[in-house]
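# Descriptive analysis of the structure
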Amino acid sequence: MASLITAVRNKFLDAIRSVNPPSRWKILVVDEHSQQLLNSVLKQFDILEENVTLIESITNYREPQQGFDAVYMVMPTSANVDRIIRDFSGGRQQYAGAHLFFIDGLAEELFERITSSPAEPFLRGLQDLYVNFWAIEAQAFSLRVPEYFFSMYSPPRSDGTARGERDRLAEDVRFVAKSIANVCITLNEFPYIRYYHPCAPRPPETSMRWRTNLARGEQARQYEAADGDVLSRLLAFEVQAALDEYKRANPDFPKQDAGRQRATLIVTDRAMDALAPLLHEFTYQAMANDLLPIEDGYKYTYKFQSSVGAYEDKTAVLSDTDTVWTDVRHMHMREAIDKLMLDFNKFMTDNAGFKGEGAATLNDMKDMLASLPQYQEQREKFSLHLSMAQECMDIFERDKLPVVASVEQNCSTGLTAEGKTPKTLVEEMVPLLDSREVINSNKVRIIALYIQYREGVPDEDRRRLYQHARLTRPEIEAVNSLVHLGVRINRGPGDKDLKRRLRQKQSAEEEYELSRYKPLLRTVIEDHVAGKLDAAAFPYVKDYPQAAPAVSTARPTQTPTTSLRSAKPSWHRAARAGGGAAAETRQRVLVFVAGGMTYSEMREAYQLSGALGRDVYIGSTHALTPRQFVDDLKVLELGGAGSRALPNGLREPGAQRPYQAFYDERYFTREAPAPAPAPAMGKSASGRSGASREAAPAMGREPSASSAYAVPANGKSEKPGKEKEKKRHRFLGF
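Remember, it's a predicted structure, so these values are computed and weren't measured experimentally.

## Observations regarding the side chain of His-528
Note on placement: His-528 falls in helix α20 (residues 520-530). On the accessibility criterion, His-528 (13% relative accessible area) is buried. A distance of 3.2 Å separates polar atoms of two side chains, one belonging to His-528 and the other to Arg-194. Setting aside residues up to four positions removed in sequence, His-528 forms contacts with Arg-194, Thr-264, Ile-266, Leu-533, Tyr-540 and Val-589.

And the structure:
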C-alpha cells in the first residue's frame, strides 16, 4: 500500500526536480514551517542531491544570487507573498527567476496580489502542493495541534463569550478540515464522508427525508440545533466543502485509478471512546509511549554502552526507517521481546567470528552488544530497543501494573477474563486506591474507567473514591472534566442505563488477559467494511456508496477560469513508485479522530489493513498518551491554562475575521535582523542562513552571476484582460 511518508516525500522531490534551469543549479527558499515539513520526510543530503546548491530562509537576509533560479517552498501567508514581491521590487532582483511552490492552497486574493506586482516578470511557475500535515508513519498522520483539544472541549467561560468562542472553534475546525483535505488530495481520493453522531434518534419521518421537515415542528428544530453542534458533524461538512472547492478548480480530480474503488473518510472525535486513552496498553509502541519519557512520540534518550564499556546519553528517533522498530511496535510486549531476542541471536549467528551460545535474556543481550563495535548501526538499534523494553518491564513490575490493568480491563470490557460480569470490582479496586505503591495518575485512570463502566455513580460514592485515592484537586478535576466529553459521571436514583449506539464486540481472537479491550474504532471500521455500520450513528455527508455509478452527477462540473487550483499537481506522477498491482488498488478507509488519537488506535489501522483487505489510514489533531490525556483533563475547565500545549490558555475570542487573517497569525514568523555591513565587498555575508554543499557555494563549477537569464519582455505590455489569462496559463502549466 502507498505510504503517506513516501507520498509526501515524492511530492516535495517532484516539485524540486520539476525546476530545471539552464544553469543546472538552483536555490531552495523555505520558511520555518515548510523547513520542518521537509525535514520530516527528507534529509538535507536528499535535497542537495537534486542540484540544490543552497537552502535559504525567506525571513533571513539573503545575498542576491542573480545567476540562479530559486525554488520557493513556503506557506501561503500574506507575509510570505510580500517577501517574494520584495525580492523583485524597488530595483532589486534577488534571483534570476522564481518558481513558487506553496505548501497549502494559495488564496485567490494573494494570487492576484503577486501576479499584479513588480515580481510578475520574474515568476516562472506557481503550484500548490497540499501537503500541510505531518506524515508520522506510513499509515498515520497528525496535524500536531494538541491545543485544539481545549478549543474543542473546554466549556464557555460565560454566556457573554459563548458566541466568540464558537467563532474561534469555527476557525480551528476549518483549519483542521483543510488539512484533512490535503491528505485526501495527496492520496488522490475524493472520498465518501461519514461522521459520528452521538445524539438522540432523529424525529419521526413521513414519506419525505427527515431534513425536509425541519421547519415543520419544534421537535425537528430542536434536533437540528443539537445536530449542528456535534463536533464531528461540523468537521465533516467543512471537509466536504474543502474537497468540493478543490474539485471545482480541478475537474479531473481525482485521477482515475484502475481497479480502486472510491474511498470513505470516517470523521469521529475523542468523545466517541473515552476509555481507550485511559487504559494501560501492552503492545510495544503504545506501552513505551505510556510509560517512557518519549518526546512527541518519536524522540527517546537512553543510556548507550560504547565499545569501551562507558555509558553515554544518546537520543534516538523512532521512525519508519528503523526496521527493528517497525517489525515489533504493534506486537504485545511479550512477543516483542521474543522477537528482539530471536532477531538478535540470528544477527549474531550471521556475523562470522562471533563466539558464544547466543542471548537467552535481555541482560545477555546487553552484555553481548558491548562487544560488537564493528556493527555500529545495528548495534545501536538493538541497544535502543533493549533499553526501552527493559525499562518498560521494570515499570510494569514497580507500579503494580498487572493488578491495576486487570481492574482496568474489567471496567472497560464489562467482563472478567473468564467472560463473566465482574461482581467484586469494588473490592478489587479499593485496595489499589488505598495503596501508596500505586501512583496517583493510575488511580485517576482506574476511577475514570470505573465511572464509565457504571455509567455514572452517586456524588457521595464518587467523593469516597476520591478520598480512598487521596487525589489532589487537579486530579479530581481530571475525572470530573470527562463530562465535557459526554461521559455521565453523576447518577441519580432514577437514572436509567444509557442506550449506546456503539459497543465493543467480543473478539474471537486469542487474547492476553490484560489486553482484552479493543478501541471502539476497530468496531466502527469492521462494521463499515462489512456494510453493517449504523447509518444513524454514522450518517453520510453527501454521496452514498450505492450512488457510485452516478458519482459524476454529484460532483460539480463547471470549470472556473479564475481559480489558482486548476494547476495539475505533479504528485500524480510520484504515485507510481513501487508496490504490487493488487496492493496498490485496494479500497481505502481514512479515519480522522478530532481531539487526539491513541497509539492503540494507530495499531488497529495496521492490523485491520491486513485483516480486512483495505488500506486503512488514521489521523488526528495529535497523537495522545494517557499521561497527556489526564494532564489535559485537569485544566480543561480552565481552557488549557497551565497545560504543556497551551500554557497561557485559549486565546481570547475576538470579532469574526477572514480565514486568511487567522492563517497568517498561525504561521507568522518574524523577520531576522539585517546583518552588519560587510567589511569588504568581496566577502559573503555572515548572516546567510541555510545549508550548502560547502561552507560557501561552489561557484566555480556553476555559472557566474553574469550569465543570469534574460528577463521576459512581455511582463506588463499586454492589456489587463488578456494579461490576466496569460499569467494563469504561464504560471500554472509547467
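## Side note on the packing of aromatic side chains
Under the counting rule described, the total for this entry stands at 24 aromatic pairs. With centroids separated by 6.2 Å and ring planes inclined at 70 degrees, the aromatic side chains of Phe-175 and Phe-662 adopt a geometry described as edge-to-face. In this pair, Phe-175 is assigned in helix α7 (residues 162-186) and Phe-662 in helix α26 (residues 659-666), connecting sequence segments 487 residues apart. Of the two residues examined, Phe-175 and Phe-662, each falls in the buried class. On the numbers, 5.6 Å between centres and 80 degrees between planes, the contact of Phe-344 with Phe-382 is edge-to-face. With Phe-344 in helix α12 (residues 333-350) and Phe-382 in helix α14 (residues 376-398), this pair connects stretches of sequence that are 38 residues apart. Across the pair, Phe-382 and Phe-344 agree in class, each one buried. A connected cluster of aromatic rings, assembled from ring pairs, spans Tyr-148, Phe-175, Tyr-659, Phe-662, Tyr-663 and Tyr-667. When the ring centre of Trp-134 is taken as origin, the NZ or CZ atom of Arg-144, which lies over that ring, is 4.3 Å away.

## Some words on the sheet that holds strand β14 (residues 615-620)
Sheet architecture is open: six strands sit in the order β6-β7-β14-β12-β9-β8, paired in mixed fashion. This sheet does not close on itself; its edge strands, each paired only once, are β6 (134-137) and β8 (192-195). Pairs of neighbouring strands in the sheet enclose a mean axial angle of 25 degrees, with direction left out of account. In terms of strand pairing, strand β9 (residues 264-269) meets strand β12 (residues 588-594) through six bridges, oriented parallel.

The rules behind the values
Residues numbered from 1 in each chain as written. Predicted model: local features only at pLDDT ≥ 70, side-chain atom pairs only at ≥ 80, totals over all residues. Heavy atoms only, no water. Helix = DSSP H or I, 4+ residues; strand = E, 2+ residues; numbered from the N terminus. Buried < 20%, exposed > 50% of the residue type's maximum accessible area, 1.4 Å probe, protein only. Polar contact = N/O pair within 3.5 Å; in protein donor to acceptor, adjacent residues only side chain to side chain. Contact = heavy atoms within 4.5 Å. Phe/Tyr/Trp six-rings, centres within 6.5 Å; stacked < 30°, edge-to-face > 60°. Lys NZ or Arg CZ within 6 Å of the ring centre and 35° of its normal. Pairing = 2+ DSSP bridges. Axes fitted to C-alpha atoms, helices over the stretch in contact; angles between N-to-C directions.

Read these as spatial facts, not as claims about activity.
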